[in-house]
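Tertiary structure, described
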Amino acid sequence: MTPTSATGRPDRRALRAGFTLVELLMTVAIIGLAAGAVVLSVPDPRPSVAEDAERFAARLSRAREEAVLSNRPVAVEATAAGYGFSSFDGEDWAALEDGPFGPERWSDSVSVSPAGPVRVVFDPTGVADPATLTLGRDGRTSRVEIDGAGEVTIDG
């Protein structure tokens, strides 16, 4: 039975037991804003371009050390897909695959400039022909440079 007032009309407070449309819309809007904030704050799961550049530079430095320690030329060839290492045994170039010298692919969506293959050869004294490789993704770039002395630097 519905409570009534002294005038015999139903009590308005008893009739207002649900939510209004405005209240429901505001709740949905607040939940949508909170979900949007969570999505925007989630970091990109891919490694950054700087991390790819640092890993590549570290391997280049290790290739230079290998050339000096083994007293044989070591080459690095970088393409748009990835990079690999090889050494010269006096007669032929052979792919290096042990330790840090296995072939490596760039992370997803990384672009490489120049697009054609870049080959850097470290001679047994650690000297190399100068070369520059620029990695980019989503407007961010990192440049890896090898100077004539075989020193590797990262810019960006």
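The structure contained in this document is the topic of the report that follows.

Across its full length, the protein carries three helices and nine strands. Secondary structure elements of the protein, listed N to C terminal, follow the sequence α-α-α-β-β-β-β-β-β-β-β-β. For the protein, buried positions account for 26% of its 156 residues. Of the contacts made within the protein by residues no fewer than 6 positions apart, 49% connect residues no fewer than 24 positions apart. Total accessible area computed for the protein in this model is approximately 10300 Å², and 57% of it derives from carbon and sulfur atoms.

When you line up the elements, Asp52 lands in helix H3 (residues 49-70). The exposure class assigned to Asp52 is buried, which follows from its relative accessible area of 3%. A polar contact is formed between the side chain of Asp52 and the side chain of Ser107, at a distance of 2.9 Å. Filtering out sequence-adjacent residues up to four positions away, Asp52 remains in contact with Trp106, Ser107, Val110 and Leu135.

Under the defined criterion, the tally for this structure stands at one cavity of 30 Å³ or more. Empty space within the largest cavity amounts to approximately 50 Å³. Forming the boundary of the largest cavity are Phe56, Leu60, Val76, Ala78, Val118, Val120, Leu133 and Ile146. The set of elements that each furnish at least two residues to the lining of the largest cavity consists of H3, strand S1 (74-78) and strand S6 (118-122).

A word on the pairing of strand S8 (residues 140-146). Direction of pairing for strand S7 (residues 131-137) relative to S8: antiparallel, over a ladder of seven bridges. Across the sheet, Ala131 pairs through a bridge with Ile146, a residue of S8. As judged from the four bridges shared by S8 and strand S9 (residues 152-155), these two strands associate in the antiparallel manner. Looking across to S9, one finds that Glu145 is bridged to Thr153.

So, on to the side chain of Ser87. On the secondary structure map, Ser87 appears in strand S2 (residues 82-88). Owing to a relative accessible area of 4%, Ser87 belongs among the buried residues under this scheme. A polar contact of 3.5 Å, which involves the side chain of Ser87, links it to the side chain of Arg72.

On to the nonpolar core. Grouped together as the largest cluster of nonpolar side chains are 27 residues, with contacts concentrated most on Phe56, Leu60, Trp106, Phe122, Leu133, Leu135 and Ile146. At the level of elements, H3, S1, S2, S6, S7 and S8 are the ones that each hand at least two residues to this core. Counting residues per element, this core draws most heavily on H3, at seven residues. Residues contacting Leu60, with those up to four places away along its chain left out, are Val76, Phe122, Val144, Ile146 and Val152.

Looking now at the sheet that holds S9. Read across the sheet, four strands follow the order S5-S7-S8-S9 without closing on themselves; strand pairing throughout is antiparallel. The open sheet terminates on both sides in strands that have one partner only, identified here as strand S5 (111-113) and S9. Shown here is a sheet whose adjacent strand axes are inclined to one another by a mean of 20 degrees, direction ignored.

Definitions and cut-offs
- Residues numbered from 1 in each chain as written.
- Predicted model: local features only at pLDDT ≥ 70, side-chain atom pairs only at ≥ 80, totals over all residues.
- Heavy atoms only, no water.
- Helix = DSSP H or I, 4+ residues; strand = E, 2+ residues; numbered from the N terminus.
- Buried < 20%, exposed > 50% of the residue type's maximum accessible area, 1.4 Å probe, protein only.
- Contact = heavy atoms within 4.5 Å.
- Areas by Shrake-Rupley, 256 points an atom, 1.4 Å probe, with all protein chains shown as cover.
- Polar contact = N/O pair within 3.5 Å; in protein donor to acceptor, adjacent residues only side chain to side chain.
- 1 Å grid on protein atoms, 1.4 Å probe; cavity = no way out; pocket = protein on both sides within 12 Å on 5 of 7 lines; lining within 4 Å.
- Points joined across faces, edges and corners; volume = space filled by probe spheres on them.
- Pairing = 2+ DSSP bridges.
- Core = buried A, V, L, I, M, F, W, Y, C linked by side-chain atoms within 4.5 Å.
- Axes fitted to C-alpha atoms, helices over the stretch in contact; angles between N-to-C directions.

Function cannot be inferred from these measures alone, as they are strictly geometric.
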